[in-house]
Amino acid sequence: RILASGLSPIGEDCRKKLDALDPADPGYIEKANLYRACAVVCDAVVGWAHRYAREAERQAATESDPGRKKELLRIAANCRRVPGQPVRDFWEALQSVYFIQIAIQLESNGLSISVGRPDQFLYPFYQKDLAGGEWSPGRLFELIEAFYLKLNETDKIYSNEATRFLQGPGHGQTFSLGGLTRKGRDATNPLSHIFLEADRDIRLVQPDIAVRVHQTTPESFLRLAAENIRLGLTKPKFMNDEVVIQSMLDIGIALEDARDWGSLGCSEPVVCGKTDSWGNAGQLNLAKCLELALNDGVCMLTGSRMGPATGDPKRFAAFDDLIRAFRDQVEYFVRHLVLYDNIIDRFHADLMPAPLLSVAVRGCIESGVEFNRGGAVYNTTAPVGVGPITTGDALAAVKKLVFDDGAVSLDTLHEALLSDFEGREDLRMMLINRAPKFGNDEDAVDSLCNEVADIFCGALRNYRNPRNGPFIGSLYYLTANIPFGHRTAATPDGRRAGQPLNDGGVSPVHGRDRQGATAVAKSVGKLDQQRIPHGTILNQRFHPSLLEGEDKIRLFTQYIRTFIRLGGWHTQMNVVTSDLLRQAQNSPDQYRDLVIRVAGYSAYFTQLEKEVQDDIIERTEHHAL
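Residues numbered from 1 in each chain as written. Predicted model: local features only at pLDDT ≥ 70, side-chain atom pairs only at ≥ 80, totals over all residues. Heavy atoms only, no water.

Peer 1: Residue-level account of the overall build of the protein, with values.
Peer 2: Along the backbone of the protein there are 26 helices and 12 strands. In terms of C-alpha radius of gyration, the protein reaches 26 Å, essentially the compact-globule figure of 25 Å for 625 residues. By principal-axis analysis of the C-alpha atoms, the protein measures approximately 80 × 70 × 45 Å. Out of the 625 residues in the protein, the part that is buried amounts to 59%. Residue pairs at least 24 apart in sequence account for 74% of intrachain contacts in the protein once pairs closer than 6 positions are excluded. Distance between charge centroids for the protein: 3 Å, based on 71 positive and 81 negative side chains. (Helix = DSSP H or I, 4+ residues; strand = E, 2+ residues; numbered from the N terminus. Rg over C-alpha atoms; globule rule 2.2 N^0.38 Å. Buried < 20%, exposed > 50% of the residue type's maximum accessible area, 1.4 Å probe, protein only. Contact = heavy atoms within 4.5 Å. Lys, Arg positive; Asp, Glu negative; His and termini not counted. Charge placed at Lys NZ, Arg CZ, Asp CG, Glu CD.)

Spelled out as structure tokens, the structure:
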């Protein structure tokens, strides 16, 4: 909408809507405030752009190089026109998008302000410029790379505690490429390829790139993405069009809108330009919930009551008793998380209005309802479940070794967990080696990991937010598996107290996936990810030999298609050896440009805290698919 009409006409339309309001309408004050604020912010962004125009003109006046002078004058002309007026060519389009991208982040202290589907909304301008003959493909390519460089100038500052959960940091300025059109046809076009090629040249952490994959995704496009990964870029990430679209339909999103989704930040799908999606809306430690279920609601680390009394585990007669206690703990904390989120949601509406987002996102101006009050067409709140695979592995160990095999009593296990396995290394090894582990295509444990996810997401579905939208689940959590691990006692899968939980979201516990990458994909595919509408993340690490040569590139693209066909939501991979990562850890000055996948985002490896570096090094290094 902004590219087509410009902010100045939108601001004028808001003034007309303001004048047309009936002061006797009970909703007059809120609507009048919205239209007035939107008009003001449209004028403000245009005025801000004009300041850049004046600065470019100032520099041009003293520039002696004719080529640079011409460039500065063109920059000035662009900034005089956009984003105030309709875009006419590709350069103006990029400039307009960049202004809006930065302005929204300034307005909202933004995180994961994603660009959406630029290969779709920018392609008409690209085609027009090529057909006109004024611009060469090389010059347009240079503009794209300059745009990438500008996106990397943005940074976000966190508190020390927040940084432990969001290391990198993950800015989440994501491009979603390929996928389907609103009419259900393949959307891949030449610009989809060009954006991948530009990323290969620039080799920085932004923009993040999500490749939407469906059954008819062109092999040439997947191959190009695979070649980028082979070069060690760690980007892109691959996301499943069919599963994402179906999950959006399940929560009431219209079909054509569901097809027009883009990845917001890590793995969260939103309808581009129509959604107020509060993702990462608090995090719930699922492994801690199991700890409380095994100790009648009392924290094993502090002895303090945290959760409800769900029964003395020594009296659990059947495995279902433990599942019931775990469910009760999860539902208790989900209820409190919902209350917490809804309080914050109302404060956002009252104290942090977002008029520019109300301009950029459909539904707000049309309805006269501000963005943070529920004006967007679609409104969701999505808390995150942390450690579902650690929890599923732990449940599988209890089921097999306590209730099925009788190899250990629940009383003995309970005492070992309280003491962090002190003097019971034999029991810890039995829990690790004799119980099934997620990531090896074993139904017994995969089904329990699915049940953990289902309990969490099912509990959320009982609630709605103040914007009249649903609570929905997600299983991605950046680096929260490490600080949450610090706060979690020993678990029945053999994990020691304080150790990290499983990373990413649905990634296997490090070193437990021993049957190859395809077995991991099959385990992940057994999770009902349609019921997790805000996404999951699978982190994997491959030895570089897996992508050497044309035959292995072809095999890799087939692996991606298999992952999608099996029902996986999102996967990404680092193609790097453990030895290289350790070298970078020990000699950071020599590896400052090493970009690594952390969770749903990329970061410079040497800028991460050591405990996060160690966690990435500990990921299973697959030598075979």
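Peer 1: Please set out helix H19 (residues 410-418) residue by residue, giving values where relevant.
Peer 2: One full turn of an α-helix is made of 3.6 residues, so residues set three or four places apart face in the same direction. When H19 is considered as a whole, its buried residues turn out to be Leu410, Leu413, His414, Ala416 and Leu417. Taken around the axis of H19, the buried residues stretch over an arc of 165°, which confines them to a single face. Buried residues along H19 sit in contact with helix H18 (388-404) and helix H20 (425-433). Phi for Asp420, located one or two positions after H19, is positive at around 55°. (Arc of directions from axis to C-beta.)

Peer 1: Could you give an account of a nonpolar patch on the surface, with specific residues and numbers?
Peer 2: Taken together, the side chains of Ile343, Phe347, Leu351 and Met352 make up a nonpolar region of the molecular surface, amounting to roughly 440 Å² of accessible area. Tracing the sequence through the fold places Met352 in the loop between helix H15 (319-351) and helix H16 (355-360). (Patch = residues over 30% accessible without salt bridge, like charges linked within 9 Å, V, L, I, M, F, W, Y side chains within 5 Å. Areas by Shrake-Rupley, 256 points an atom, 1.4 Å probe, with all protein chains shown as cover. Salt bridge = Lys/Arg side-chain N within 4 Å of Asp/Glu carboxyl O.)

Peer 1: Give a description of the packing of helix H3 (residues 28-61) against helix H5 (residues 90-108) that names residues and reports values.
Peer 2: Taken N-terminus to C-terminus, the directions of H3 and H5 make an angle of 120°; their axes are 11 Å apart at the nearest point. By the criterion of interaxial angle, the relationship of H3 to H5 is oblique. Handedness of the crossing formed by H3 with H5: right-handed. Residue-level contacts link Val45, Trp48, Ala49 and Tyr52 of H3 to Phe99, Ile100, Ile102, Ala103 and Leu106 of H5. Each residue belonging to the contact of H3 with H5 can be placed in one class, and the counts come to nine nonpolar, no polar and no charged. (Axes fitted to C-alpha atoms, helices over the stretch in contact; angles between N-to-C directions. Parallel < 35°, antiparallel > 145°, perpendicular 65-115°, else oblique. Left-handed = near helix turned anticlockwise from the far one by under 90°. Nonpolar A, V, L, I, M, F, W, Y, C, P; charged D, E, K, R; others polar.)

Peer 1: How would you summarise the pattern of salt bridges if you had to cite specific residues and measurements?
Peer 2: Counted by the stated rule, this structure contains 53 salt bridges. Here Asp208 ties to Arg597 by a salt bridge, and the two come within 2.4 Å at their closest N and O atoms. With Asp208 in strand S2 (residues 208-213) and Arg597 in strand S10 (residues 595-597), this residue pair connects regions lying 389 residues apart in the sequence. By relative accessible area, which is 1% here, Asp208 ends up buried.

Peer 1: Lay out the nonpolar core in plain terms, naming residues and giving numbers.
Peer 2: Core analysis: the biggest nonpolar cluster contains 144 residues, and Phe90 and Phe238 have the highest contact counts within it. Per element, the largest residue contribution to this core is 12 residues, and it comes from H3. Phe238 has contacts with Val211, Val213, Leu222, Ala225, Ile229, Phe556, Ile560, Trp569, His570, Thr571 and Met573, leaving out every residue within four places of it along the chain. (Core = buried A, V, L, I, M, F, W, Y, C linked by side-chain atoms within 4.5 Å.)

Peer 1: Describe the side chain of Asp129, with residues and values.
Peer 2: Among the secondary structure elements, Asp129 is positioned in helix H7 (residues 123-132). Buried within the structure, Asp129 lacks any salt-bridge partner; its nearest side chain of opposite charge belongs to Lys128, at an N-O separation of 4.8 Å. Within the structure, Asp129 has its side chain in polar contact with the backbone nitrogen of Phe90 (distance 2.9 Å). The residues contacting Asp129, other than those within four sequence positions of it, are Asp89, Phe90, Trp91, Glu134, Trp135 and Leu140. (Polar contact = N/O pair within 3.5 Å; in protein donor to acceptor, adjacent residues only side chain to side chain.)

Peer 1: Now, about the side chain of His414: what can you tell me, with residues and values included?
Peer 2: With respect to the secondary-structure elements, His414 resides in helix H19. At a separation of 3.3 Å, a polar atom in the side chain of His414 contacts the main-chain carbonyl oxygen of Leu294. Apart from residues no more than four positions distant in its own chain, His414 is found in contact with Leu294, Asn295, Met300, Pro313 and Lys314.

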